[in-house]
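Letter by letter, the chains look like this.
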Amino acid sequence: MIVTLTPNPSVDRAVVIDALRRGEVHRATESRIDPGGKGVNVSRALAAQGARTVAVIPSGGPAGHLLDDLLDAAGVPRRSVSVGGPVRMNVSVLEPDGTTTKLNEPGPRLSGDEVDALLATTLAAADGAGWVVGCGSLPPGAPEGLYADLVRRVRSRGVRVAVDSSGTALAAAVAARPHLVKPNHEELAELVDHRLPTLADVHAAAADLVADGIETVAVSLGADGALLVTADEVLHARATITHPLSTVGAGDCMLAGLLHGLSSGTHPLDALRTAVAWGAAAVTLPGSRVPAPEHLRAIPVDHTRSPDLTRPLGA
Ligand SMILES: Nc1ncnc2c1ncn2[C@@H]1O[C@H](COP(=O)(O)OP(=O)(O)OP(=O)(O)O)[C@@H](O)[C@H]1O
Ligand SMILES: O=P(O)(O)OC[C@@]1(O)O[C@H](CO)[C@@H](O)[C@@H]1O
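Within each chain, residue numbers correspond to sequence positions counted from 1 in written order. Key to labels: chains lettered from A, ligands numbered from 1, both in the order written. Predicted model: local features are reported for residues with pLDDT of at least 70 only, side-chain atom pairs are reported and counted for 80 or more only, and whole-chain, interface and lining totals are derived from all residues. As a convention, hydrogens and water are excluded, and side-chain values are obtained from all of the structure's heavy atoms.

1. A closer look at the sheet that holds strand β11 (residues 216-220)
- Strands pair, by our definition, only if DSSP identifies at least two bridges between them. In this description a helix means any DSSP run of H or I spanning at least four residues, a strand means any run of E spanning at least two, and both kinds are numbered starting from the N terminus. Sheet architecture is open: 10 strands sit in the order β5-β4-β1-β8-β9-β10-β11-β12-β13-β14, paired in mixed fashion. Edge positions in the sheet fall to β5 (78-82) and β14 (302-304), since each has one partner strand and no second.
- Alignment of strand β1 (residues 2-5) against strand β8 (residues 131-135), held across 4 bridges, turns out to be parallel. By the bridge assignment for β8, Leu-5 is matched with Gly-134.
- Any two residues whose heavy atoms approach within 4.5 Å are treated as being in contact. To obtain each axis, a line is fitted to C-alpha atoms, and for helices this fit is confined to the stretch in contact; angles are then taken between N-to-C directions over 0 to 180 degrees. Most of the contacts of helix α1 (residues 38-48) go to strand β4 (residues 53-59), to which it runs at about 150°, and overall it touches β1, β4, β8 and β9 (160-164).
- Those strands touched by helix α8 (residues 250-263) are β1, β8, β9, β10 (180-181), β11 and β12 (226-229), and its axis lies near 165° from that of β8.

This is the structure we're talking about:
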């Protein structure tokens, strides 16, 4: 069982337009809504593959009701904590060449009691879980150290804990030593405060985090796949997708596949292969739709225990 905490979930609307032009009216050719927020997507991806999960979210306002309904309709188990402010609605603008532009709202302001209720609900759900994962940005009112607090409290219960966030929330969480972090390329560069142009640079930055006490650092690298670093191994996997439709939520599907693989006790290389297959399958689907088992069959994944670290990224 994998428990996700998304302190700032969303209802995601994706619109497809021919090309984005500032200041103009655009007529969308397609649109869809999905339940959103990074941990919500991790739970959706797990549930879509028949894995056990529960999503802990704050829920308030009309968008909160809609989010609850969408999760129920998708068969994603949830524990919603009622909050006063309205859940946000995020927009993704998708262009036919695969360019995705995201417009994310800040989210509702949470009170101290609401934050405490979210943490308490997550800890109650964590009892007997394989992993707890805290994901995404923090809404206004949530303390910067929320994930660090989550890490300490989950660890003290003997449960494994992961964090996927960015900026100061990620930096604070890293100091509390989660078992796993999943930054993307940009988030890792921001965390270590310098550019990471090659796989060797990504490896060095991830290895420093491992030396600081984080067991597993998995860096998602978009079309360059993902690098997984532990004290014993450096693993790389990637899949080639010729026509990406939407990258929204690909990192969340990748993290879901990784945690699923790791909790089934497979070797980290197999878990990474699963992760990359789930992430790559997500980019073949519209909006933040998560892959079903049939979407994974057509995704061949190259994977290696000895990656060429001199390779520049984005080549
Ligand atoms: N263009 C692509 N081609 C093939 N695979 C891709 C592509 N984009 C993403 N992926 C797969 O999805 C995974 C996650 O992608 P990415 O690094 O963009 O995550 P992210 O930035 O955390 O995404 P998000 O925050 O939108 O969930 C990658 O590790 C890779 O396996
Ligand atoms: O604003 P955050 O919390 O950083 O990201 C939120 C978000 O962009 O992330 C998901 C994709 O990863 C979307 O479902 C959602 O809209």
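2. Brief notes about the site of ligand 1
- Taken together, 22 residues lie around ligand 1, and Lys-182, Asn-184, Ser-220, Gly-222 and Gly-225 are the ones closest in.
- Contact distances for ligand 1 include 2.8 Å between an oxygen atom and a side-chain N or O atom of Lys-182.
- The backbone of Gly-222 places a nitrogen or oxygen atom 2.8 Å from an oxygen atom of ligand 1.
- Each accessible area value is a Shrake-Rupley result obtained with a 1.4 Å probe; residue values ignore everything except the protein chains displayed when judging cover. Coverage of ligand 1 by the protein amounts to 86% of the 630 Å² it exposes when considered alone.
- Cavity means a closed set of points on a 1 Å grid over the protein atoms alone, one where a 1.4 Å probe fits but cannot get out, pocket means an open set with protein on both sides within 12 Å along at least 5 of 7 lines, and lining means a residue has an atom within 4 Å of a point. Assignment to a cavity or pocket requires that more than half of a molecule's atoms be within 2 Å of the site's grid points. One can see that ligand 1 is located within the largest pocket.
- Listing elements by their share of the shell around ligand 1, those giving two or more residues are α8 and α9 (268-283).
- Gly counts as polar in this scheme, as do all residues outside two lists: the nonpolar Ala, Val, Leu, Ile, Met, Phe, Trp, Tyr, Cys and Pro, and the charged Asp, Glu, Lys and Arg. Residues that form the shell around ligand 1 fall into these classes: 11 nonpolar, 8 polar and 3 charged. Near residues are defined by distance, with any heavy atom within 4 Å of the molecule or strand qualifying the residue. Polar contact is the term for a pair of N or O atoms within 3.5 Å; when the atoms are in protein, one must be able to donate a hydrogen and the other to accept it, and sequence-neighboring residues count only if both atoms are side-chain atoms.

3. Examining the site of ligand 2
- For ligand 2, the set of nearby residues contains 14 residues, the closest of which are Asp-12, Lys-38, Lys-102, Ser-137 and Asp-252.
- With respect to ligand 2, the side chain of Asn-41 contributes an N or O atom lying 2.9 Å from an oxygen atom.
- In the complex, 90% of the free accessible area of ligand 2, which totals 400 Å², lies under the protein chains.
- Because more than half of its atoms lie within 2 Å of the grid, ligand 2 is assigned to the largest pocket.
- In terms of residue class, the shell around ligand 2 is made up of no nonpolar, 9 polar and 5 charged.

4. Some remarks on the layout of surface pockets
- Grid points are joined across faces, edges and corners, and a volume is the space filled by probe spheres set on the points. Within this model, the largest pocket holds a volume of roughly 1200 Å³.
- What lines the largest pocket is a set of 42 residues, and nearest its centre among them are Asn-184, Thr-247, Gly-249, Ala-250 and Gly-251.
- Elements with a minimum of two residues in the lining of the largest pocket: β2 (10-16), α1, β6 (88-94), β7 (100-103), α6 (185-192), α8 and α9.
- Broken down by element, the lining of the largest pocket gets its largest block of residues, 5 residues, from α9.
- Residue classes in the lining of the largest pocket are distributed as 12 nonpolar, 20 polar and 10 charged.
- What the second largest pocket holds in volume is close to 170 Å³.
- Grouping the amino acids of the lining of the second largest pocket by side-chain chemistry returns 6 nonpolar, 1 polar and 2 charged.

5. Details of the nonpolar core
- Grouped together as the largest cluster of nonpolar side chains are 48 residues, with contacts concentrated most on Tyr-147, Val-181, Val-202 and Val-217.
- If sequence neighbours within four positions are ignored, Val-202 has contacts with His-185, Leu-188, Leu-196, Val-219, Leu-221, Leu-227 and Leu-313.
- If you look at the next biggest cluster of nonpolar residues, it comprises 38 residues, including Ala-51, Ala-218, Leu-269 and Leu-272. Nonpolar core, defined: a set of buried Ala, Val, Leu, Ile, Met, Phe, Trp, Tyr and Cys residues in which side-chain atoms within 4.5 Å join the residues together. Throughout this description, buried means an accessible area under 20% of the type-specific maximum (1.4 Å probe, protein chains only), exposed means over 50%, and partly exposed covers the range between.

6. A few points about the pattern of salt bridges
- Basic side-chain nitrogens of Lys or Arg form a salt bridge, by our definition, when they fall within 4 Å of a carboxyl oxygen of Asp or Glu. The full count for this structure, using the stated rule, is 11 salt bridges.
- A salt bridge links Arg-32 to Asp-34; the shortest N-O distance between them is 2.7 Å.
- Since its relative accessible area comes to 27%, Arg-32 is described here as partly exposed.
- A residue is classified by how much of its surface remains accessible, and Asp-34, at 4% relative accessible area, is buried.

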